[in-house]
Structures are given as structure tokens and as C-alpha cells.
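Analysis of the macromolecular model
In case you want the letters, here they are:
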Amino acid sequence: MSKRTLIVVVSFLALIAIVGYFLLTNFLKAMGEECEVRTMAAVRTYEIIDKSCIGFAGPRYSTYYLYENGKNIGTGNKLDSCFIQFRARHSILDFNICTTELTESKIGIKGN
């Protein structure tokens, strides 16, 4: 194989790789998840954010974030239709969606 043929083949393969990369990334962006972010409540210095997303397959799912003074300090688990529980630092925070109340309890550290 001549040097010129080798340069043409390598250039063609590089072009295919570049075009393939852009087509693949655009396809994955189009099939990616769509999310809606909304503030559920602002209680004292805390803010509860609901990030509700849906991907290209499957049902809608929500992730709950707890912010204190604008800083993300934890994510929450929905316990039932009214309660989301957050674990932040050395405390557990229970947020009642139905009444927009937030209760905080300290996590005790047991010694010997």
C-alpha cells in the first residue's frame, strides 16, 4: 500500500469517527431525560426542591433536595403521601407536604 493510500484511508476513518461521535451525542441528547425543578416550600432557613424527571423510557420520578441558606445539604426519601425525610449532618428532618411543617430531630451518637 502506498503512502498516499494510507493517508486517504486514515483520514476517511477519522472523518467517520468524528461524524459518528456527533451523531451519537445528538441522538443521546434527544433521548435524554427532561426535568422540571420547582420549590415545594421554604421553611425557616430551609428550602425544599422537587426535581421531577422523565427519561426516554419508564415512569416519571422525583428527587427531593434540601437546601439551607442556598447550599444543598441533602436529598430526601418520600415516606408516604405527606412525608419526605431528609438526613442532613447530625439530624433528621421530616417535611410534611400536607401541612408544610418541618420537624427536626438530632441523631444521637452513643459512646462506651
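What you see is a predicted model; the values in this text were computed from it and never measured. (Residues numbered from 1 in each chain as written. Predicted model: local features only at pLDDT ≥ 70, side-chain atom pairs only at ≥ 80, totals over all residues. Heavy atoms only, no water.)

Regarding the pairing of strand β1 (residues 34-43)
Applied cut-off: In this analysis, strands are considered paired if DSSP registers two or more bridges between them. A helix here means a DSSP run of H or I that spans at least four residues, while a strand means a run of E at least two residues long, and both kinds are numbered starting from the N terminus.
In this sheet, strand β2 (residues 46-54) lies alongside β1 in antiparallel orientation, the contact comprising 9 bridges. Each bridged residue has a counterpart across the sheet, and for Ala-42 the counterpart in β2 is Glu-47.

Description of the sheet that holds strand β5 (residues 83-88)
The line we're drawing: To get an axis, a line is fitted to the C-alpha atoms, and for a helix only the part in contact is used. The angle between two axes follows their N-to-C directions and goes from 0 to 180 degrees.
Across the sheet, which stays open at both edges, the 7 strands sit in the order β1-β2-β3-β4-β5-β6-β7 with antiparallel pairing between neighbours. In this open sheet, the two strands that pair with only one neighbour each are β1 and β7 (101-106). Neighbour-to-neighbour, the strand axes of this sheet turn through a mean angle of 25°, independent of strand direction. As paired elements, β5 and strand β6 (residues 91-96) share 6 bridges and run antiparallel to each other. Residue pairing for β6: Ala-88 is matched across the bridge by Ser-91.

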